[in-house]
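Residue-level structural notes
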Amino acid sequence: MINIHIKDKFYQDKKILENINIRVNEGEFLSIIGPSGCGKTTLLNIASSLDKDFNGKVTISSSNIGFIFQDHRLIPWLTVKENLLIISKEKDINQINELLNIVGLNDILDIYPKNLSGGMARRVSFVRAFINKPKVIFLDEPFISLDYPTATSLKKDFLNLCKKFNTTVILVTHDLSEAIYLSNRILFFSKNPANQILEYKNLNNQEFNLKKIDEIKNEILEKHPHILEGFL
Ligand SMILES: Nc1ncnc2c1ncn2[C@@H]1O[C@H](COP(=O)(O)OP(=O)(O)OP(=O)(O)O)[C@@H](O)[C@H]1O
């Protein structure tokens with residue numbers, strides 16, 4: 001579904017990524033975790049073909065892809081409805097309402113982004129990402145700076161959307177608990193140039209269970225204490 005081969009990636013004369021090979025299967029949810037500055041966003045930009053300035057090759061089996069970023073990136077002078085319709089291929093207001101309902105939003109179609117709370121705006125950005133039924137979604141720290149209850153419920157809603165569309169996902173995050181909860185597989189990276197230091201597979205525990213998440217987190221940290229360095 002997604003094949004990422006990066007021989008190397010430089011910014012000016014600084015090597016950021018080297019010798020990275022990642023394959024993501026259809027319907028898989030992969031998280032990439034690592035310390036600040038190790039190149040996670042750079043890797044995501046290359047994987048999603050936003051950045052083509054690297055040595056290597058990326059293939060994605062569908063061109064129908066969506067993005068979710070840290071900020072909602074809604075167009076400020078358009079209402080929620082207009083923000084969603086402008087990128088919707090089907091222009092189907094019933095489908096838009098259905099997706100808004102999945103993320104817990106009702107009666108907000110005529111509201112402008114500046115009148116939405118941060119959490120609501122982020123929810124709308126999730127709906128926007130799913131509106132054309134993408135086969136693949138790339139996310140860069142999408143739950144950052146949301147309060148805990150909002151982030152938790154949005155994560156649940158997000159998993160429901162992924163299930164509904166059988167979406168393949170690559171998520172960049174700093175948060176190990178979040179990665180354990182959401183993913184099937186986690187890749188840990190270290191710094192300079194980013195090395196893949198550990199792969200953790202078969203995390204199919206997508207039920208929100210804090211105890212279980214903590215157990216897995218402790219298991220990972222006990223087995224691999226070095227991954228603590230720099231970011232946890
Ligand atoms: N456009 C750019 N030009 C030059 N250097 C850049 C550019 N973008 C990123 N870098 C550098 O590349 C390195 C990797 O940056 P990147 O944003 O990919 O890391 P990250 O792991 O996503 O960090 P964070 O978790 O803090 O967002 C950093 O040293 C950063 O300063």
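Within each chain, residues carry numbers counting from 1 in the order of the written sequence. At least 70 in pLDDT is required for a residue's local features to be given in this predicted model, at least 80 for side-chain atom pairs to be given and counted, and no such filter applies to totals for whole chains, interfaces and linings, which use all residues. Water and hydrogen atoms play no part in the side-chain values, which are based on all heavy atoms of the structure.

**Some points on the domain arrangement of the protein**
According to the domain assignment, the protein contains domain 1 (1-64 + 134-143 + 159-232) and domain 2 (67-129). Where a domain begins and ends is set by an automatic assignment or by a domain database. A straight line from the C-alpha centre of domain 1 to that of domain 2 covers 26 Å. Only heavy atoms matter for contacts: two residues are in contact if any of them lie within 4.5 Å across the pair. The partner domain 2 presents 11 residues to the 14 residues of domain 1 that form the contact. Approximately 1,100 Å² of surface area, both sides summed, lies buried where domain 1 meets domain 2, with 67% of it carried by carbon and sulfur atoms. We define a salt bridge as a contact between a side-chain nitrogen of Lys or Arg and a carboxyl oxygen of Asp or Glu at a distance within 4 Å. Where domain 1 packs against domain 2, one counts one salt bridge. Between Lys-164 and Glu-98 there is a salt bridge, and its shortest N-O distance comes to 2.7 Å. Distance and chemistry together define a polar contact, namely a pair of N or O atoms within 3.5 Å, with one atom able to donate a hydrogen and the other to accept it when in protein, and with adjacent residues in sequence counting only for side-chain atoms on both sides. Our count for the contact surface shared by domain 1 and domain 2 stands at five residue pairs in polar contact (both at pLDDT 80 or more). Every element with two or more residues in the side of domain 1 that touches domain 2 is listed here: strand E6 (136-140) and helix H5 (148-165). Ten residue types, Ala, Val, Leu, Ile, Met, Phe, Trp, Tyr, Cys and Pro, are classed as nonpolar, four, Asp, Glu, Lys and Arg, as charged, and the remainder, Gly among them, as polar. A class-by-class count of the residues in the side of domain 1 that touches domain 2 yields nine nonpolar, two polar and three charged. Summed over both partners, the accessible area lost on bringing two parts together, with a 1.4 Å probe, is the buried area. Numbering of helices and strands runs from the N terminus; a helix is a DSSP stretch of H or I covering at least four residues, while a strand is a stretch of E covering at least two.

**Brief notes about the site of the ligand**
Here a residue counts as near a molecule or strand whenever at least one of its heavy atoms sits within 4 Å of it. Around the ligand there are 13 residues in total, and Ser-36, Gly-37, Lys-40, Thr-41 and Thr-42 lie nearest to it. Within the backbone of Thr-41, a nitrogen or oxygen atom sits 2.9 Å from an oxygen atom of the ligand. Here the ligand, which alone exposes 640 Å², has 62% of that area covered by the protein. Listed by contribution, the elements that provide at least two residues to the shell around the ligand are strand E2 (14-24) and helix H1 (40-47). Class assignment for the residues of the shell around the ligand results in four nonpolar, seven polar and two charged. Values of accessible area rely on a 1.4 Å probe in the Shrake-Rupley scheme; residue burial ignores everything except the protein chains shown.

**Side note on the pattern of salt bridges**
Summed over the entire model, instances satisfying the criterion amount to nine salt bridges. A salt bridge links Lys-211 to Glu-215, with the nearest nitrogen and oxygen atoms 4.0 Å apart. In this pair, Lys-211 and Glu-215 are both assigned in helix H7 (residues 210-223), four residues apart and thus about one turn of the helix distant. Buried means the residue's accessible area, taken with a 1.4 Å probe over protein chains only, is under 20% of the maximum for its type, while exposed means over 50%, and partly exposed covers the values in between. For Lys-211, a relative accessible area of 61% puts it in the exposed group.

**Focus: the environment of Lys-114**
Looking at where Lys-114 falls in the secondary structure, it is placed in the loop between helix H3 (93-102) and helix H4 (118-130). Each C-alpha atom, one on Lys-114 and one on Pro-76, is 6.8 Å from the other, the two residues being 38 residues apart in sequence.

**Examining the nonpolar core**
Buried Ala, Val, Leu, Ile, Met, Phe, Trp, Tyr and Cys residues form a nonpolar core when they are joined through side-chain atoms within 4.5 Å. Counting 48 residues, the largest nonpolar core has Phe-158 and Ile-186 as the members making the most contacts within it. Sorting elements by how many residues they give to this core places H5 first, with seven residues. Two domains each put at least three residues into this core: domain 1 (1-64 + 134-143 + 159-232) and domain 2 (67-129). Every residue in contact with Ile-186, bar those within four places of it in the chain, is listed here: Ser-31, Ile-33, Leu-176, Ala-179, Ile-180, Leu-198, Glu-199, Tyr-200 and Leu-203. In terms of nonpolar packing, the next biggest core, distinct from the first, is built from 25 residues, Ile-6, Ala-47, Val-58 and Phe-138 among them.

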